Amino acid sequence: DGGITQSPKYLFRKEGQNVTLSCEQNLNHDAMYWYRQDPGQGLRLIYYSQIVNDFQKGDIAEGYSVSREKKESFPLTVTSAQKNPTAFYLCASRVGETQYFGPGTRLLVL
Amino acid sequence: AQSVTQLGSHVSVSEGALVLLRCNYSSSVPPYLFWYVQYPNQGLQLLLKYTSAATLVKGINGFEAEFKKSETSFHLTKPSAHMSDAAEYFCAVVHGSSNTGKLIFGQGTTLQVKP
């Protein structure tokens, strides 16, 4: 089955801790994206990558970091600098003009 | 700059009634437009897309949308609502003329279907 997987489904972060959200796709898509979703605010772009070993900041990149060492993988790290990390995080990949989304990871702060 | 406005954060219809979710966009270039649906605690699922072919676009689950350039609109409709249509719906436009593929999303519309 081709698709996008995100893990874990739920993630808990302690104060001062960095956490990493996984996003994997086997669709052979070059471009991948990370979004943050908060209630009533739609989706906001955190980072995106159009090709391996290259990525660009989105609209709300502060407090986040990414890597793109493999075409299939685009992990997102929420650093301790992100003071309000509680949100639903969505990963997507793109073919042509269309983005396809993973199932999401909900990050909660302890 | 591109933008998307979804009119009405909440829409409530009775089962069997017409569903109309409104989306207006602004774009300096011919737009690519999308509707996505999101069920609770799930990712976004593509309903349909407009990519400058036919102006009436048919999607999954009986939904369709019509691109109206003169009105800068891309409203989503379904003739008869089902209980399973209750979800949040997002309209989106591709950002600018660059090839980054970045999407600009509306704020979303929550559809409630009453029995």
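The structure presented is a predicted model; accordingly, all values stated were derived computationally and were not measured. (Residues numbered from 1 in each chain as written. Chains lettered and ligands numbered in written order. Predicted model: local features only at pLDDT ≥ 70, side-chain atom pairs only at ≥ 80, totals over all residues. Heavy atoms only, no water.)

A. View of the nonpolar core. Of all hydrophobic cores here, the largest spans 27 residues; its most connected members are Trp-35, Leu-48, Phe-74, Leu-76 and Tyr-89 of chain B. Setting aside residues up to four positions removed in sequence, Tyr-89 of chain B forms contacts with Gln-6, Leu-21, Trp-35, Tyr-36, Val-37, Leu-47, Phe-63, Leu-76, Gly-108, Thr-109 and Leu-111 of chain B. (Core = buried A, V, L, I, M, F, W, Y, C linked by side-chain atoms within 4.5 Å. Buried < 20%, exposed > 50% of the residue type's maximum accessible area, 1.4 Å probe, protein only. Contact = heavy atoms within 4.5 Å.)

B. Fine view of the sheet that holds strand S3 (residues 19-26) of chain B. Residues and elements named next belong to chain B. Spatially, the 5 strands line up as an open sheet ordered S1-S3-S8-S7-S6, and their pairing is antiparallel. Edge positions in the open sheet fall to strand S1 (3-7) and strand S6 (56-58), since each of these has one partner strand only. The mean angle between the axes of side-by-side strands here comes to 20 degrees, regardless of whether they run parallel or antiparallel. Where S6 lies against strand S7 (residues 64-68), 3 bridges are found, and the strand directions are antiparallel. Its bridge partner lying in S7, Lys-58 is registered against Glu-64. (Pairing = 2+ DSSP bridges. Helix = DSSP H or I, 4+ residues; strand = E, 2+ residues; numbered from the N terminus. Axes fitted to C-alpha atoms, helices over the stretch in contact; angles between N-to-C directions.)

C. Geometry of the pattern of salt bridges. Tallied over the entire structure, the rule returns 6 salt bridges over all chains. Two residues, Lys-49 of chain B and Glu-97 of chain A, come together in a salt bridge whose shortest N-O distance is 3.5 Å. Of this pair, Lys-49 of chain B sits in strand S5 (residues 44-50) while Glu-97 of chain A sits in the loop between strand S9 (87-95) and strand S10 (98-101), each in a different chain. Of the charged contacts in the structure, one is a salt bridge between Lys-58 of chain B and Glu-64 of chain B, with a shortest N-O distance of 2.8 Å. Through salt bridges that share partners, Arg-36, Asp-38 and Arg-44 of chain A make up one connected network. (Salt bridge = Lys/Arg side-chain N within 4 Å of Asp/Glu carboxyl O.)

D. Representation of the state of the cysteines. Tallied over the full model, the rule gives 2 disulfides over all chains. One disulfide bridge connects Cys-23 of chain A with Cys-91 of chain A, the sulfur atoms lying 1.8 Å from each other. Handedness of the Cys-23 of chain A-Cys-91 of chain A disulfide follows from its S-S torsion of about -70 degrees: it is left-handed. Taken together, the positions of Cys-23 of chain A in strand S3 (residues 19-25) and Cys-91 of chain A in strand S9 put the pair 68 residues apart, joining distant regions of the chain. The exposure class of Cys-23 of chain A is buried, given its relative accessible area of 0%. Taking relative accessible area as the criterion, Cys-91 of chain A reaches 0% and is therefore assigned buried. The disulfide partner of Cys-23 of chain B is Cys-91 of chain B, and the gap between their sulfur atoms is 2.0 Å. Between Cys-23 of chain B and Cys-91 of chain B, the S-S torsion sits near -65 degrees, and that sign places the bridge as left-handed. Placement of the pair is Cys-23 of chain B in strand S3 and Cys-91 of chain B in strand S9 (residues 87-94), with a sequence separation of 68 residues. Here Cys-23 of chain B matches Cys-91 of chain B in class, with each residue buried. (Disulfide = S-S within 2.5 Å.)

E. Expanded view of the sheet that holds strand S8 (residues 76-78) of chain A. All names here are of chain A. Strand order in the open sheet formed by 4 strands is S1-S3-S8-S7, with antiparallel pairing between adjacent strands. In this open sheet, the two strands that pair with only one neighbour each are strand S1 (4-7) and strand S7 (64-66). Sheet twist, expressed as the mean angle between neighbouring strand axes with direction ignored, is 20 degrees. Two strands pair when backbone bridges link them, and S7 and S8 are joined in this way by 3 bridges, in the antiparallel orientation. Bridge pairing in S8 places Val-66 opposite Leu-76.

By themselves these figures say nothing about function.
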